[in-house]
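Each chain is listed here by its residues.
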Amino acid sequence: MSTTKEYLMYILEQLSDLEEITYRMMMGEYIIYYRKKIVGGIYDNRFLIKPVEAAVQLMPEASYEIPYKGAKPMLMVSDDYDKSFMKKLLTSMYDELPAPKAKKKK
C-alpha cells in the first residue's frame, strides 16, 4: 500500500509552522526534509522519523516501526500531536541529524 496524497497533505499541514520543509516522492512514499536534512518519511500513511535521542526523549511511548522490508526501525509519530509539538520535535532533532551528503560532480 502506498501513502495517499491526503495523508501527505495532512502531515505537511502539521509541519507548516516550520520553514524549509520539503519532500521527495520515492516509490509511492515520501521522504521528509527539514532544512535539507532527512528527518524521516511517510510510509503506508505513517509518519516515521529517525530515532535520534531528542525524538526518543520527546516521545518515550512511541513505537518503533519498519518503514519497508530491510530498513532500520524508525519512530512512529502519532497523529494526535499538534503543530506546536511537531515544530518542537523537528527543531530539537535537527542538530542530531546527519548532514546531507555532498553531490558528486560529473
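**Section: the pairing of strand β1 (residues 21–26)**
- For β1 and strand β2 (residues 29–34), the ladder comprises six bridges, and the chain directions are antiparallel. Looking at the pairing, Met 26 lines up with Glu 29 of β2.
- Where β1 folds back on β2, the antiparallel hairpin that results is connected by two residues, among which Met 27 adopts a positive phi of roughly 55°.

**Some thoughts on the nonpolar core**
- In this structure, Leu 15, Phe 47, Ile 49 and Leu 89 are the most contacted members of the largest nonpolar core, which totals 27 residues.
- Apart from residues lying up to four places away in sequence, Leu 15 is in contact with Ile 21, Ile 32, Phe 47, Met 86 and Leu 90.
- Core analysis: the next-biggest nonpolar cluster, separate from the first, contains five residues, Ile 31, Tyr 33, Leu 48 and Met 74 among them.

**Thoughts on helix α3 (residues 83–93)**
- Of all the residues in α3, the buried ones are Phe 85, Met 86, Leu 89, Leu 90 and Met 93. All buried residues of α3 project into a common sector of 125° when viewed along the axis, lining one side.

**Description of the packing of aromatic side chains**
- Under the criterion given, the structure shown has five aromatic pairs.
- Their ring planes at 50° and their centres at 6.0 Å tell us that Tyr 43 and Tyr 68 sit as a pair that is tilted. Here Tyr 43, found in strand β3 (residues 37–43), pairs with Tyr 68, found in the loop between β5 (64–65) and β6 (74–77); they are 25 residues apart in sequence, far enough to count as distant.
- The residue whose ring lies beneath Lys 37 is Tyr 94, and the NZ or CZ to ring-centre distance is 4.1 Å.

**Topic: the sheet that holds strand β4 (residues 46–49)**
- Spatial ordering of the open sheet is given by β1-β2-β3-β4-β6-β5, a layout of six strands whose pairing is antiparallel. Of all strands in the sheet, those bounded by a partner on one side alone are β1 and β5.
- Bridging between β2 and β3 involves five bridges; their strand directions are antiparallel. Within the sheet, the bridge partner assigned to Tyr 30 lies in β3 and is Ile 42.
- Packing against the sheet, helix α1 (residues 5–14) makes contact with β1, β2, β3 and β4, and its axis sits at approximately 160° to β1.
- Set on the sheet, α3 makes contact with β1, β2, β3, β4 and β6; between it and β4 the angle comes to about 30°.

**Brief notes about unusual backbone geometry**
- Of note, Met 27 is a non-glycine position whose phi angle comes to about 55°, a positive value.
- Following the sequence through the fold, Met 27 ends up in the loop between β1 and β2.
- Judged by its relative accessible area of 76%, Met 27 is exposed.
- Residue Asn 45 is not a glycine yet carries a positive backbone phi of 60°.

Reading guide: rules and limits
- Residues numbered from 1 in each chain as written.
- Predicted model: local features only at pLDDT ≥ 70, side-chain atom pairs only at ≥ 80, totals over all residues.
- Heavy atoms only, no water.
- Pairing = 2+ DSSP bridges.
- Helix = DSSP H or I, 4+ residues; strand = E, 2+ residues; numbered from the N terminus.
- Core = buried A, V, L, I, M, F, W, Y, C linked by side-chain atoms within 4.5 Å.
- Buried < 20%, exposed > 50% of the residue type's maximum accessible area, 1.4 Å probe, protein only.
- Contact = heavy atoms within 4.5 Å.
- Arc of directions from axis to C-beta.
- Phe/Tyr/Trp six-rings, centres within 6.5 Å; stacked < 30°, edge-to-face > 60°.
- Lys NZ or Arg CZ within 6 Å of the ring centre and 35° of its normal.
- Axes fitted to C-alpha atoms, helices over the stretch in contact; angles between N-to-C directions.

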